[in-house]
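Now for the letters of each chain:
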Amino acid sequence: MPGRDAPPRRGIDPDRGKTWLRRALPIVLAHKWTFAVALGASFVSLLLQVEIPRLLGTDAIDKALVPSVDQALRPPSQRLPAAHFHDILIHDVVIVLVLAVLAGLCGFLSRRYLLATAYRIEFDLRNIIYAHLARLSFGFYDRVQTGQLISRANSDIRSTQMYLTFGPSIIVQCLGAVVAFGYMLAIAPLLALVAMAAMPFIYVATVRMRSVLFPVSWLIQSRLAEVATIVDENVNGVRVVKSFAAEGRQVNQLAAAADRVRWAYVKDADTRARFTPLVQNLTQLGMAFVVLFGGYLVIHHHLQVGTIVTFSFWMVMLQAPFQMLGMLIMLGQRAAASAQRIYEILDEEPTVVDRPGAVDLVGCRGDVRFDAVGFAYASDGPAVLDGFDLHLRPGETVAVVGRTGSGKTTVGRLLDRFYDVGSGAVRIDGTDVRDLTLASLRANVGIVADEPFLFSASVRDNIAYGRPDATLEEVRAAAVAAGADGFVRELADGYDTVVGERGYTLSGGQRQRLAIARTLLLNPPILVLDDATSAIDVQVEQEIHRNLRRLMEGRTTLIVAHRLSTIGLADRVVLVDGGRVVAEGPHAELLESVPLYAEVLAQADQGAGEGEPAGERV
Ligand SMILES: Nc1ncnc2c1ncn2[C@@H]1O[C@H](COP(=O)(O)OP(=O)(O)OP(=O)(O)O)[C@@H](O)[C@H]1O
């Protein structure tokens, strides 16, 4: 059996032509032994539970209690000693006790292993999905709403798991009931049929109850999620709410959502209140018929009293599977829908993957070439780059400048293979990036993104994200280089300070400096700076620029320049327009000779005037 943290051993069957259940089978089979123990123990426990009423009824009552009562009617000389009946009684009770203990033990084993199987299947499904999500390319994340996808995946995983584990368990319970019914038929066939008379009604009532309850339970889930979203937005967006004095509106919005949850809960309680007593009373009614018809048989000496007692116990056992069969059908429908949604993710193929024969990028010199690159985000979408040529010599810093939406950021993304080019090629040291392993490519190309993402972890862990084994000295050196050391030292716990969710406890500038430190710790020979300093004030920016200049030395750096000041870092500027490079050279030269360049910079100046924190937009 795998350890708790063992990765899943099998994934789903990739054959899309198979039914959802057959596709999920490998995951269940990976735990077949735990599952078999659970089901086996459950079956044995049920057999023992079938046997106990038989012993009590047909043995203890019919062979000890009823004959002992009969004794009173006989003359004393013909009576058997009371000890004779005591012995039978005690013998039966001891056996019942032993069986009960064994049944309890089997019940324990079955629950223990069934739940273990359930959670292992859930663990596997969750890991398989997460591992797959991690493999999927950026194109997928552009299309789907990731947050919703993940939260939906959670409830889908749960309902699929429930059916996969509890489905077979319910079937085993039904088998136990079949055995009990077999006994009933063997002992008193007519009475057995009478006992079964109420069962179809129990089944129908339960199916009806579930058919109302299931949609309501979905409703409750989605409405709770709605409330959670409103609370989350109110907490995260508290500054906006308060600054617009919109507290009252928000509270009303929450009250309305909470009322919708209340309605769904009341509907749920209402349904249960109506159906649960009905199902219980149907069983009692069935028992009444058994006593009536069984009593008639007893009076006419066709049956013994104990059999009625035994049958009453068995009827309680029989009604459970009839209730659960209804549930099984509902669970099945829900699980089928859930599994389809899970498969939608798992069937999605990553588009950017290691090609067969891909080689590691070793000893990277940092020579970068874009050769006639053509690219569109969607196959039927407009071309973002079209015949884009650019050569960055080792150690050179080049700023890409262009109008907003001209494809500057895209150039950086293609270099790190976030997306693959549609035509042409991006080469590093002469090798097409598609012929390099992704891991080695990304270890050699460091990206400092426009909106740095920090994890809810310590400053140290955030900086060391790409190299978790880095020493504190190395982390500090990177922070010093990125100009972050000063403010980190002033934080309550220094490098051990946990930054809040996504780093919101830090200022924009501080977050960016940590992101720069994180990339610098990797020491990549090629850097992509996506205007990483856009949220930093002029003074800090100058300091960072000093640091960056020192650090860019010896590295090939592509600056995705959205701001004028960043251009100053570059040895050379290229102007992008219409998806290709239309001019290149030093800033001053371009400014003088290329009207479009001056125009783009002028627009950037306007952008700066419209609320940019510092510097000018490009
Ligand atoms: N993930 C995406 N999916 C689809 N289209 C995208 C995606 N990212 C960018 N685009 C589109 O591609 C074009 C180029 O975008 P890109 O971000 O490269 O421009 P940019 O020059 O960096 O712009 P800005 O200066 O405004 O940041 C734009 O029209 C944009 O709408």
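If you're wondering where the values come from, they're calculated on a predicted model, not measured in any experiment.

A. The arrangement of helix α14 (residues 472-481) in detail. Buried within α14 we find Val475, Arg476, Ala478 and Ala479. Down the axis of α14, the smallest arc covering the buried residues is 160°, so these residues share one side. Where α14 is buried, its residues contact α13 (459-463), α15 (485-490) and α16 (508-522). The first or second residue beyond α14 is Gly483, which carries a positive phi of 75°.

B. Fine view of the pairing of strand β1 (residues 368-375). With five bridges joining them, β1 and strand β2 (residues 385-392) adopt antiparallel strand pairing. The residue bridging Val373 from the neighbouring strand is Phe388, located in β2. For β1 and strand β4 (residues 423-428), the ladder comprises five bridges, and the chain directions are antiparallel. Residue pairing in the sheet places Arg369 in a bridge with Arg427 of β4.

C. Here's a closer look at the packing of α14 against α16. Where α14 meets α16, the axes come as close as 8 Å, and the angle between the chain directions of the two elements is 125°. With respect to α16, the element α14 is oriented oblique. Like other packed secondary-structure pairs, α14 and α16 cross with a definite hand, here right-handed. Here Glu474, Val475, Ala478, Ala479 and Ala481 of α14 lie close against α16, whose contacting residues are Ala517, Leu520 and Leu521. Broken down by class, the residue content of the contact of α14 with α16 amounts to seven nonpolar, no polar and one charged.

D. The arrangement of the sheet that holds strand β6 (residues 445-448) in detail. Sheet architecture is open: six strands sit in the order β6-β7-β8-β3-β9-β10, paired in mixed fashion. A strand with exactly one partner marks an edge of an open sheet, and here the two such strands are β6 and β10 (580-585). Mean inter-strand twist for the sheet, computed between neighbouring axes without regard to direction, equals 20°. Of the strand pairs in this sheet, β6 and strand β7 (residues 526-529) are connected by four bridges, and their pairing is parallel. The residue of β7 that forms the bridge with Val445 is Ile526. Along the sheet, helix α11 (residues 408-415) makes contact with β3 (397-402), β6, β7, β8 (556-560) and β9 (572-577), crossing β8 at roughly 145°.

E. Spatial organisation of the site of the ligand. If you check the shell around the ligand, you find Asp142, Tyr377, Val384, Gly402, Thr404, Gly405, Ser406, Gly407, Lys408, Thr409, Thr410 and His562 and nothing else. Looking at which element gives the most residues to the shell around the ligand, the answer is α11, with three residues. Considering only residue class, the shell around the ligand consists of two nonpolar, eight polar and two charged.

F. Broad picture of the domain arrangement of the protein. Assigned domains within the protein: domain 1 (7-181 + 334-347), domain 2 (189-302) and domain 3 (368-609). Placing a centre on the C-alpha atoms of domain 1 and another on those of domain 3 gives a separation of 56 Å.

G. Just the pairing of β4, in detail. Taken together, the two bridges between β4 and strand β5 (residues 431-432) define a ladder with antiparallel strand orientation. Within the sheet, the bridge partner assigned to Ile428 lies in β5 and is Thr431. Here β4 hands over to β5 after two residues, with Asp429 in that stretch at a positive phi of 50°.

H. Structural view of the sheet that holds β1. Overall, antiparallel pairing links the four strands, which are arranged β2-β1-β4-β5 in an open sheet. Of all the strands in the sheet, just β2 and β5 have a single pairing partner and so form its edges. Packed on one face of the sheet, α11 meets β1, β2 and β4 and runs near 115° to β1.

I. Just the packing of helix α2 (residues 32-71) against helix α3 (residues 82-135), in detail. Where α2 contacts α3, the axes come no closer than 7 Å and their chain directions differ by 160°. Here α3 runs roughly antiparallel to α2, going by the angle between their axes. In this structure, α2 crosses over α3, and the sense of that crossing is left-handed. Partitioning the contact of α2 with α3 into residue classes produces 27 nonpolar, eight polar and five charged.

J. Structural detail: the environment of Gly104. Following the sequence through the fold, Gly104 ends up in helix α3. Separated by 56 residues in sequence, Gly104 and Leu48 place their C-alpha atoms 9.5 Å apart.

K. Just the environment of Ala479, in detail. Along the polypeptide, Ala479 turns up in helix α14. Accessibility expressed as a C-beta count within 10 Å gives 26 for Ala479, which makes it buried. Distance from Ala479 to Val251, taken between C-alpha atoms, is 43 Å for residues 228 residues apart in sequence. Excluding residues that lie within four positions of it along the chain, Ala479 makes contacts with Ile463, Ala484, Asp485, Val488 and Ala517.

L. Broad picture of unusual backbone geometry. With a phi angle near 60°, His301 is a residue other than glycine that sits in the positive phi range. Note that His301 resides in the loop between α9 (247-299) and α10 (305-346). The exposure class assigned to His301 is exposed, which follows from the 7 C-beta atoms found within 10 Å.

M. Quick look at the UniProt feature "transmembrane region" (unreviewed entry) in the protein. The positions that UniProt labels "transmembrane region" (unreviewed entry) are, in the present scheme, residues 24-48, 88-110, 162-181, 187-205, 282-299 and 311-331. Helix makes up 100% of residues 282-299 and strand makes up 0%, while its end C-alpha atoms are separated by 25 Å. Here residues 311-331 is 100% helix and 0% strand, with 30 Å between the C-alpha atoms at its ends.

Conventions adopted
Residues numbered from 1 in each chain as written. Predicted model: local features only at pLDDT ≥ 70, side-chain atom pairs only at ≥ 80, totals over all residues. Buried ≥ 20, exposed ≤ 12 C-beta atoms within 10 Å, placed from the backbone. Helix = DSSP H or I, 4+ residues; strand = E, 2+ residues; numbered from the N terminus. Arc of directions from axis to C-beta. Contact = placed C-beta atoms within 7 Å. Pairing = 2+ DSSP bridges. Axes fitted to C-alpha atoms, helices over the stretch in contact; angles between N-to-C directions. Parallel < 35°, antiparallel > 145°, perpendicular 65-115°, else oblique. Left-handed = near helix turned anticlockwise from the far one by under 90°. Nonpolar A, V, L, I, M, F, W, Y, C, P; charged D, E, K, R; others polar. Near = placed C-beta within 6 Å. Domains from an automatic or database assignment. UniProt positions renumbered as here; feature names shortened; annotations may be inferred.

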